[in-house]
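# Structural features, examined
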Amino acid sequence: MNNRVEITLESHVAYVTLNRADKLNAIDLKMFEALGAAADRIAGERTVRAVVLHGSGDNFCTGIDLATFANAELDFAKALKTPVEPSPANVFQRAAYAWRELPIPVVCAIQGVCFGGGLQIALGADIRYASPDAKLSIMEAKWGIIPDMGISATLRHLVAPDHVKELAWSARILDGEEARRLGLVTAVVDDPLAASRELALQCAERSPEAVRGIKSLVNQAWQHSEKDALALEAALQAGIIGSANQVEAVQANLGRRRPDFKD
């Protein structure tokens, strides 16, 4: 992994920082690759129970670095059609979709600008906290392209189709409060990074199997028939109930003590 993305591990939480503050954290090819590599590294760290995703400096991400389009060595057509195995996502989509693929909670802190590809990265997270004065936009149409970094999977259950079309066609800029009303962000808070850290730490204090099971249930069941959704609930619960960490959760609550979960 290159220096476009930094990872810090603390108290079972991985802090993932987009690290191009001088370029408003614009995404070049190295950052696309680094974001996918960061998710892969975290997936291999069994002691990590939650992720906080944020940008360095005063902004989350201004979107794709326009210099990327001038990269003569990059075969865009081939890259767009080539999944990064075993993911169904290509290298561009995976910068956002990899956070959805992670089995643990991913919380995104949005401050400053969050445009285009930056917004799509944020949409790959499970939770998004934005500051009131954050600026968000589905901006790809301004540059003559469509949003294509996993938005068709990550936004489908958050925002009504007519609103998605209006936002994408107009490429207009929203503040944090309008983004919350439309469903692009979970909540508007004065300090998104602090709020993200607090929720991530709360997740890290729960039984890892329960937290992972909730993410799996919500990500899958909302797309299933009711019959299949009920079956998924039962299957996930059957794999958790009676496990060592589930028993520890019960005993800790009854004993009014802090649980000691094993990864």
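So, here is what we can say about the structure in this document. (Residues numbered from 1 in each chain as written. Predicted model: local features only at pLDDT ≥ 70, side-chain atom pairs only at ≥ 80, totals over all residues. Heavy atoms only, no water.)

### Description of the sheet that holds strand β7 (residues 135-137)
With mixed pairing, the 3 strands of this open sheet are ordered in space as β5-β7-β8. Lying at the two open borders of the sheet, with one neighbouring strand each, are β5 (113-115) and β8 (174-175). Note: β5 against β7, 3 bridges, orientation parallel. If you follow F115 over to β7, its bridge partner there is S137. (Pairing = 2+ DSSP bridges. Helix = DSSP H or I, 4+ residues; strand = E, 2+ residues; numbered from the N terminus.)

### Digging into the nonpolar core
Counting residues in each nonpolar core, the largest one holds 52 residues, and the members touching the most others are I42, F60, W99, I110 and I121. Tallying contributions element by element places helix α1 (residues 29-43) first for this core, with 7 residues. Counting residues in hydrophobic clusters, the runner-up holds 11 residues, among them A50, V52, V107 and Y129. (Core = buried A, V, L, I, M, F, W, Y, C linked by side-chain atoms within 4.5 Å. Buried < 20%, exposed > 50% of the residue type's maximum accessible area, 1.4 Å probe, protein only.)

### Some remarks on the packing of helix α9 (residues 208-221) against helix α10 (residues 226-240)
Between α9 and α10, the shortest axis-to-axis distance is 10 Å and the interhelical angle comes to 165°. Taken together, α9 and α10 sit at an angle that is classed as roughly antiparallel. Considering the relative orientation of α9 and α10, their crossing is right-handed. Together, E209, A210, G213, S216, L217, Q220 and A221 of α9 and A229, L232, E233, L236 and I240 of α10 make up the contact between the two elements. Along the lines of polarity and charge, the residues of the contact of α9 with α10 split into 7 nonpolar, 3 polar and 2 charged. (Axes fitted to C-alpha atoms, helices over the stretch in contact; angles between N-to-C directions. Parallel < 35°, antiparallel > 145°, perpendicular 65-115°, else oblique. Left-handed = near helix turned anticlockwise from the far one by under 90°. Contact = heavy atoms within 4.5 Å. Nonpolar A, V, L, I, M, F, W, Y, C, P; charged D, E, K, R; others polar.)

### What about the pairing of strand β2 (residues 13-18)?
Most of β2 is tucked away: 6 of the 6 residues are buried. Alternating residues of β2 divide into V13, Y15 and T17 and A14, V16 and L18, and every residue in both groups is buried. Taken together, the 6 bridges between strand β1 (residues 5-10) and β2 define a ladder with antiparallel strand orientation. Bridge pairing in β2 links E6 to T17. Taking the residues that link successive antiparallel strands as the turn, the β1-β2 hairpin has 2 residues, and the phi of S11 there is positive, at about 50°. The parallel pair β2 and strand β3 (residues 50-55), bridged by α1, forms a crossover whose chirality is right-handed. (Right-handed = clockwise from strand over helix to strand, strands pointing away.)

### As for the packing of α1 against helix α3 (residues 91-101)
Running from amino to carboxyl end, α1 crosses α3 at an angle of 35°, the nearest separation of the two axes being 8 Å. In this structure, α1 meets α3 at a crossing whose hand is left-handed. Contacts from L29, F32, E33, L35, G36, A38, A39, D40 and I42 in α1 reach V91, F92, R94, A95, A98 and W99 in α3. For the contact of α1 with α3, the class distribution of residues is 11 nonpolar, 1 polar and 3 charged.

Shape descriptors only; they carry no functional weight alone.
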